[in-house]
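Examining the three-dimensional arrangement
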Amino acid sequence: AVRGKSTPAPGFGYGGRFEGGYTGVRGYGNGSTYTGSAIGVYGYASGSAGIRYGVYGDASGGTNNYAVYGSGDIKASSQMFIGTTTAMESAASAYELLVDGEIICEELKVEDSGTWPDYVFDKKYELPSLEEVDAFIKENKHLPNIPSAKTIESEGFMIGEMHNKTIEKVEELTLYAIDADKRIKALEEQNKELQQAVKELMSQLQKLNK
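Conventions and cut-offs
- Residues numbered from 1 in each chain as written.
- Predicted model: local features only at pLDDT ≥ 70, side-chain atom pairs only at ≥ 80, totals over all residues.
- Heavy atoms only, no water.
- Helix = DSSP H or I, 4+ residues; strand = E, 2+ residues; numbered from the N terminus.
- Rg over C-alpha atoms; globule rule 2.2 N^0.38 Å.
- Buried < 20%, exposed > 50% of the residue type's maximum accessible area, 1.4 Å probe, protein only.
- Contact = heavy atoms within 4.5 Å.
- Areas by Shrake-Rupley, 256 points an atom, 1.4 Å probe, with all protein chains shown as cover.
- Expected span 1.5 Å × (residues − 1).
- Patch = residues over 30% accessible without salt bridge, like charges linked within 9 Å, V, L, I, M, F, W, Y side chains within 5 Å.
- Salt bridge = Lys/Arg side-chain N within 4 Å of Asp/Glu carboxyl O.
- Phe/Tyr/Trp six-rings, centres within 6.5 Å; stacked < 30°, edge-to-face > 60°.
- Lys NZ or Arg CZ within 6 Å of the ring centre and 35° of its normal.
- Polar contact = N/O pair within 3.5 Å; in protein donor to acceptor, adjacent residues only side chain to side chain.

**Description of the overall build of the protein**
- Across its full length, the protein carries 4 helices and 2 strands.
- The secondary structure elements of the protein, listed N-terminal to C-terminal, are β-α-β-α-α-α.
- Over its C-alpha trace the protein gives a radius of gyration of 34 Å, far above what one expects of a compact globule, namely 17 Å for 210 residues.
- The C-alpha extent of the protein, read off along each of the three principal axes, is 125 × 40 × 40 Å.
- In the protein, which comprises 210 residues, the share counted as buried stands at 10%.
- Put simply, of all contacts in the protein between residues at least 6 apart along the chain, 35% involve residues at least 24 apart.
- Carbon and sulfur atoms make up 53% of the accessible area of the protein, which amounts to about 19100 Å² in all.

Here is the structure:
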């Protein structure tokens, strides 16, 4: 309906510029019975240098200001960056979402394609002795199969992977606790037998003294 073009020189020119007391630009894609995509507002930017924004929004002066607002779902076909710099984005090119700051949410689901550590309960699993764990901690200052503080500070950690390692340690601790409980019960039984033997011995001695 409206098509504008203005390219007097690289870095100059507005294809269209509008100002409204309520809405500067409003787009409505009436797809009707069309089975393809209908687009309310479409932005595209290209070039061989610098930074390009397909759609750029800026808002100020209100109680709450939103540069971009969507009343429905928001979809990104590629990466999404929040509060990041170009250097950070280049360094994290393998990740779909990069946030420079804290994240708060009510629930977080991690779909881990790795191995859940129930292998600890397999009879073939070689559970290290507590003496071995103690020696490892004294030498390395961290748990076996858990990254050191220095490694975490320099490389960070993957939530799914670290959660697996944590569960592994919890399951190992459970096995240690079960083993300790069996030993305690065995000692208690032995103690009862010893007490009974002492009681019988004392009874015999009393009879001999009489």
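Back to the text.
**Quick word on helix α4 (residues 159-209)**
- Relative to the 75 Å expected for 51 residues at 1.5 Å per residue, α4 spans 73 Å between its end C-alpha atoms, a close match to the ideal helical length.
- Taken as a whole, α4 has its buried residues at G160, M162, N164, K165, I167, E168, K169, E171, E172 and Y176.
- Check the buried side of α4 and you find it contacts α2 (130-140) and α3 (149-155).

**Remarks on the environment of L187**
- Within the secondary structure layout, L187 lies in helix α4.
- Relative accessible area serves as the criterion here: at 55%, L187 is assigned to the exposed category.
- Between the C-alpha atom of L187 and that of L97, which follows or precedes it by 90 residues, the distance is 56 Å.

**Focus on the environment of E171**
- Relative to the assigned elements, E171 resides in helix α4.
- Residue E171 is classed as buried on the basis of its relative accessible area, which comes to 7%.
- A sequence separation of 131 residues divides E171 from G40, and the C-alpha atoms of the two residues are 53 Å apart.
- Residues in contact with E171, not counting those within four places in the same chain, are P117, D118, V120 and F121.

**Description of a nonpolar patch on the surface**
- Taken together, V198, L201, M202, L205 and L208 make up a surface patch of nonpolar side chains, about 500 Å² in accessible area.
- By the secondary structure assignment, L201 is in helix α4.
- Taking the relative accessible area as the measure of exposure, L201 reaches 48% and is therefore partly exposed.

**Comments concerning the packing of aromatic side chains**
- Counted by the stated rule, this structure contains 3 aromatic pairs.
- Residues Y119 and Y125 carry aromatic rings whose centres are separated by 5.9 Å and whose planes lie at 50° to one another, so their mutual orientation is tilted.
- Using a relative accessible area of 24% as the deciding quantity, one classes Y125 as partly exposed.
- Over the ring of Y14 we find R17, and its NZ or CZ is 4.9 Å from the ring centre.

**Quick look at the pattern of salt bridges**
- A complete count under the given rule lists 6 salt bridges for this structure.
- K169 is the partner of E168 in a salt bridge, and the nearest nitrogen-oxygen pair spans 3.4 Å.
- As a salt-bridge pair, D179 and R183 come within 2.8 Å of each other at their nearest N and O atoms. With D179 and R183 both in helix α4, this residue pair falls 4 residues apart, about one helical turn.
- A relative accessible area of 36% means that D179 is categorised as partly exposed.
- What you see here is one network of salt bridges that share partners, running through E168, K169 and E172.

**Notes on the side chain of K169**
- Checked against the element boundaries, K169 lands in helix α4.
- Note on K169: relative accessible area 13%, which makes it buried.
- Among the polar contacts listed, one links the side chain of K169 to the backbone oxygen of P144, at a separation of 2.8 Å.
- Polar side-chain contacts of K169 include one of 3.3 Å to the side chain of E172.

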